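Given next are the chains, with one letter for each unit.
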Amino acid sequence: MRKRRRGKAGGVKKRQKRCKGKPFLPSIIMGNVRSLNNKIDELQANARYFQEFRDISLMSFTETWLNDNITDESMYIDGFKLLRGDRNLDLAAKQKGGGVCLYVNNRWCHPNIAILKGHFCSPNIEILTVGLRPYYIPREFSHVIHLTVYIPNRNVAREAAKDLSTVIQDLEIAHPYAFIVIDGDFNHTNLKKTGVHYYQHVNCPTREEATLDLCYSNVKDAYNAVSISPLGESDHNLVILYPRYRPIVLRQKPAVITVQQWSQESLDQLQSTLDTTDWDMFIRSSSDIDELTDAITGYVNFCVDCSVPTKQVKVYPNNKPWITSTVKSVINRKKGIFGRGDRAELKAVQKELKDCIRKEKAIYKRKIENRFTDNNMKEVWEGIRLMSGYMVNNHKSYLPDTSIDYANALNDFYNRFDCHDFSTQTDLLRESLDDCAGGKPFLCVTRGEVYREFSRLNAFKAAGPDQLKPRVLNTCANQLADIFTHIFNLSFCTKTIPVSWKRSCIIPVAKKAVISCMNDLRPVALTSVLMKSCERIVLRHIKPLVDDYLDPQQYAYRAHRNTEDAVLNCLEKLYSHLEHSKSGNSARIMFFDFSSAFNTIQPHVLADKMLNMNISHDLIFWILNYLTNRSQYVHISSSNCMSDVQYSNTGAPQGTVLAPFLFTLYTSDVRSSSDSCHLIKFADDTALVGLIKKDDDREYLEEINHFVGYCDKNFLELNVKKQRK
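In this text the structure is predicted, and so the values were computed from the model without any measurement.

Time to look at the environment of Cys 476. Structurally, Cys 476 can be placed in the loop between α15 (470-475) and α16 (477-494). Sequence separation between Cys 476 and Cys 641 is 165 residues; the distance between their C-alpha atoms is 32 Å. Residues within four places of Cys 476 in sequence aside, it is in contact with Leu 270, Gln 271 and Leu 274.

As structure tokens, then:
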């Protein structure tokens, strides 16, 4: 929280008085007035003599009972602009009454005001939609959209809610970054029962003991509501909505990050440094593969630090990528002009700001288009979503705690499946594999293969715990291919993997907007880029060896197969059974979901299964070394907090190359034994299709029990909450 100046009173009301024409969100007076024409004198007096009316941003009224015979001049209020939505007699159910209107304070917004989509009027609901671009609004919002709603009858609540949700969804698609506020007389209609998830802010009675006048917005905790005396003899109290929202830039401090300035000159210097390096010196001075790997990785990172300059950049939490220093200077100039009150100069600088933002957006657009040539499709789609607002989450989820204790608790939670001690079985398995090992390495990789792997790396991916960036391996593939070819072959020969390549940095990423438990945080594991390149080489080697042993109904990681084939196979079995069988037959499908499927692999069980496949003992020993004694820690980036290191002997971390394929090998022996039941799999997604004849589902239930028993025997946990029939 920012400290308040001495002598300054706190609270949203005091802040509203201090800000006046510059509230973070529009302050609103709303209510059902039941004929505004005979109450306009009182409203004009309130706006002239009472500060809370005079400084309000918007006044939203329902049941105005205005018609064509009442002119705008007769409803004029000094300092406000009137926008009307009179009842359309041809569309409304009743010929009298109704109508909505909105008064906009000129000191808050003028002249960027427009009625959007016209005035929506039906027998169920009346909606006046107004788009506003005020003099000041937090940068996370593009503009304000205000909807004044009047629902005349509680008997049409469901139909009215559907009409309103349709209007809101259209606005959200057209204006993804807008702050949307909806208020009016809802007459017992609840917007929460529709597909629109907005926050309701009025918690005080508005008509006797009932709360009929409501206010919704797309921002949580946006307003404090206070009930005041009604206008004239109306039976509805007026409600003042004081904005309590604080912009992101005030809630979060700007982050200062250090970025590397990659240029052709720095790349040339780095390549020339690596070209003149005597790699044999590192090989001769290293006693084992761990020492050699650490020495090479540290040296390459040292060369990068010496060759590539860095700079510090201040990143504001509410900045869009096209808000550059040029745009910020114009924004600051606009703030100064607004404070002086020069309307003519303010209009000119607003036009300049609009042109400046348009130019910077065009520059950002060309930058995204250039990503096509770099084959960086992730940044392409992220840029397109950011510019279009498609599926953009403006309300970022925050971790409930960023301390070391919470990081350690998360690490314990992510390592919860390592609860069995199979060290004895694993040691015996290692001894038997070592006794049967051959004299030659199971795989010998060439320099060309390593060079191709490095050349295909995405330069914009994140580095692993060893901090060796994919950009370095990609741009210096020719210089680094020889030494890492030697390290890869040394790993295959000794059947060991460097300790630094088995380390995982886990970044917790929120699955939901509101985090209620640790299971709402997805563990994204960052592993060594070198290890991923090595895994791809091993994967190409192992696939043809086990192709005959994989389940024919497994559609993942098979040549010329994909999800469409799995779906078509399932539909073909269903249609052929239902169309060509006798009447009275039916079909049932059970969809199984595993809890952290890849994290539950037991290495010794997998190795026993691989012994029955066409895989050499040396390769099985290498995979066993790959899956055991892995180290992991949790990194909370917002506080730069790291947990203690833990070691795991169960599963394979998400994000590795081999983990999904090893899971298909792990579950290749579970198959349906009945002609009327078919187990269709795509990696860890499994569906049991039961073709039932004459309501006899005994075989189908037996297959379900068999699959559940198989999961228990192989230490696989089913997520019962996500099972679907």
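Next comes the rest of the description.
Next up on the list: helix α9 (residues 325-340). Helix length check: α9, at 16 residues, gives a terminal C-alpha distance of 23 Å against a target of 22 Å (1.5 Å per residue), a fit within 8%. Every buried residue of α9 is listed here: Val 327, Val 330, Ile 331, Lys 334 and Ile 337. Buried residues in α9, looked at end-on, bunch into an arc of 120°, giving them a common side. Seen from the buried face of α9, the exposed residues on the opposite side, beyond 90 degrees, are Ser 325, Gly 339 and Arg 340.

Membership of the largest hydrophobic core comes to 81 residues, with the highest contact counts inside it found for Leu 480, Phe 484, Ile 542, Trp 622 and Leu 665. Among the elements that make up this core, the one with the highest residue count is helix α17 (residues 529-546) (nine residues). Not counting residues within four places of it along the chain, the set of residues in contact with Trp 622 comprises Phe 442, Ser 491, Phe 492, Lys 495, Thr 496, Ile 497, Met 531, Cys 534, Val 538 and Leu 658. Residues Leu 102, Val 104, Phe 141 and Val 181 belong to the second largest nonpolar core, which totals 31 residues.

Strand order in the open sheet formed by six strands is β3-β4-β2-β1-β12-β11, with mixed pairing between adjacent strands. One side of each edge strand has no neighbouring strand; the edge strands of this open sheet are β3 (80-85) and β11 (223-228). Strand after strand, the sheet turns through a mean of 15° between neighbouring axes, direction not considered. As paired elements, strand β2 (residues 58-62) and strand β4 (residues 100-105) share five bridges and run antiparallel to each other.

Time to look at the packing of helix α20 (residues 617-627) against helix α21 (residues 658-666). Here α20 crosses α21 at 120°, and the two axes come no closer than 13 Å. Taken together, the axes of α20 and α21 are oblique relative to one another. Both α20 and α21 take part in a crossing whose hand is left-handed. Together, Trp 622, Ile 623, Tyr 626 and Leu 627 of α20 and Leu 658, Ala 659 and Leu 662 of α21 make up the contact between the two elements. Taken together, the residues of the contact of α20 with α21 sort by class into seven nonpolar, no polar and no charged.

Along the chain, Asp 213 falls in strand β10 (residues 213-217). We note that Asp 213 is buried and unpaired, the nearest opposite charge coming from Arg 207 at a distance of 7.9 Å. Only 2.8 Å separates the side chain of Asp 213 from the side chain of His 236, close enough to count as a polar contact. In contact with Asp 213, other than residues within four places in its own chain, are Met 30, Gly 31, Asn 32, Gly 184, Asp 185, Val 202, Thr 206 and His 236.

Right, let's talk about the packing of aromatic side chains for a bit. For the structure shown, the criterion picks out 22 aromatic pairs. Arranged with centres 6.3 Å apart and planes meeting at 55°, the rings of Phe 24 and Tyr 136 form a pair that is tilted. Residue Phe 24 is found in the loop between α1 (12-19) and β1 (28-32), and its partner Tyr 136 is found in the loop between β6 (126-132) and β7 (144-150); the two are separated by 112 residues along the sequence. Seen from their ring centres, Phe 141 and Tyr 245 are 5.6 Å apart, and the 55° between their planes marks the pair as tilted. Here Phe 141, found in the loop between β6 and β7, pairs with Tyr 245, found in the loop between β12 (238-243) and α5 (248-251); they are 104 residues apart in sequence, far enough to count as distant. An identical accessibility class is assigned to Phe 141 and Tyr 245; each is buried. Connected via pairs of aromatic rings, a cluster forms that spans Phe 592, Phe 594, Phe 598, Phe 663 and Phe 707. Directly above the ring of Tyr 626 sits Arg 630, whose terminal nitrogen or CZ lies 4.9 Å from the centroid.

This brings us to the environment of Tyr 451. Structurally, Tyr 451 can be placed in helix α14 (residues 447-455). Spatially, the C-alpha atom of Tyr 451 lies 44 Å from that of Lys 328, the residues being 123 residues apart in sequence. Excluding residues within four positions of it along the chain, Tyr 451 makes contact with Ala 477, Asn 478 and Ala 481.

Bringing the pattern of salt bridges into the picture now. Here the structure, examined in full by the defined rule, presents 22 salt bridges. Residues Glu 126 and Arg 87 are paired through a salt bridge, measuring 2.8 Å at the closest nitrogen-oxygen approach. Taken together, the positions of Glu 126 in strand β6 and Arg 87 in the loop between β3 and β4 put the pair 39 residues apart, joining distant regions of the chain. The burial state of Glu 126 is the same as that of Arg 87; both residues are buried. Because the salt bridges share partners, they merge into one network encompassing Arg 34, Glu 63, Arg 207 and Asp 235.

All right, on to the state of the cysteines then. Per the stated rule, a full pass over the model turns up zero disulfides. A disulfide-free cysteine, Cys 109 has its sulfur positioned 16 Å from the sulfur of Cys 101, the nearest such atom.

Counting buried residues in α20 gives ten out of eleven residues, a clear majority hidden from the surface. Here α20 has its buried residues at Asp 618, Leu 619, Ile 620, Phe 621, Trp 622, Ile 623, Leu 624, Asn 625, Tyr 626 and Leu 627.

This next bit is on the side chain of Ser 676. Mapped onto the elements of the fold, Ser 676 is located in the loop between α21 and β21 (677-682). Since its relative accessible area comes to 16%, Ser 676 is described here as buried. A polar atom in the side chain of Ser 676 sits 2.6 Å from the side chain of Glu 699. Apart from residues no more than four positions distant in its own chain, Ser 676 is found in contact with Val 689, Gly 690, Leu 691 and Glu 699.

What counts, and where the lines are drawn
- Residues numbered from 1 in each chain as written.
- Predicted model: local features only at pLDDT ≥ 70, side-chain atom pairs only at ≥ 80, totals over all residues.
- Heavy atoms only, no water.
- Helix = DSSP H or I, 4+ residues; strand = E, 2+ residues; numbered from the N terminus.
- Contact = heavy atoms within 4.5 Å.
- Expected span 1.5 Å × (residues − 1).
- Buried < 20%, exposed > 50% of the residue type's maximum accessible area, 1.4 Å probe, protein only.
- Arc of directions from axis to C-beta.
- Core = buried A, V, L, I, M, F, W, Y, C linked by side-chain atoms within 4.5 Å.
- Pairing = 2+ DSSP bridges.
- Axes fitted to C-alpha atoms, helices over the stretch in contact; angles between N-to-C directions.
- Parallel < 35°, antiparallel > 145°, perpendicular 65-115°, else oblique.
- Left-handed = near helix turned anticlockwise from the far one by under 90°.
- Nonpolar A, V, L, I, M, F, W, Y, C, P; charged D, E, K, R; others polar.
- Lys, Arg positive; Asp, Glu negative; His and termini not counted.
- Salt bridge = Lys/Arg side-chain N within 4 Å of Asp/Glu carboxyl O.
- Polar contact = N/O pair within 3.5 Å; in protein donor to acceptor, adjacent residues only side chain to side chain.
- Phe/Tyr/Trp six-rings, centres within 6.5 Å; stacked < 30°, edge-to-face > 60°.
- Lys NZ or Arg CZ within 6 Å of the ring centre and 35° of its normal.
- Disulfide = S-S within 2.5 Å.

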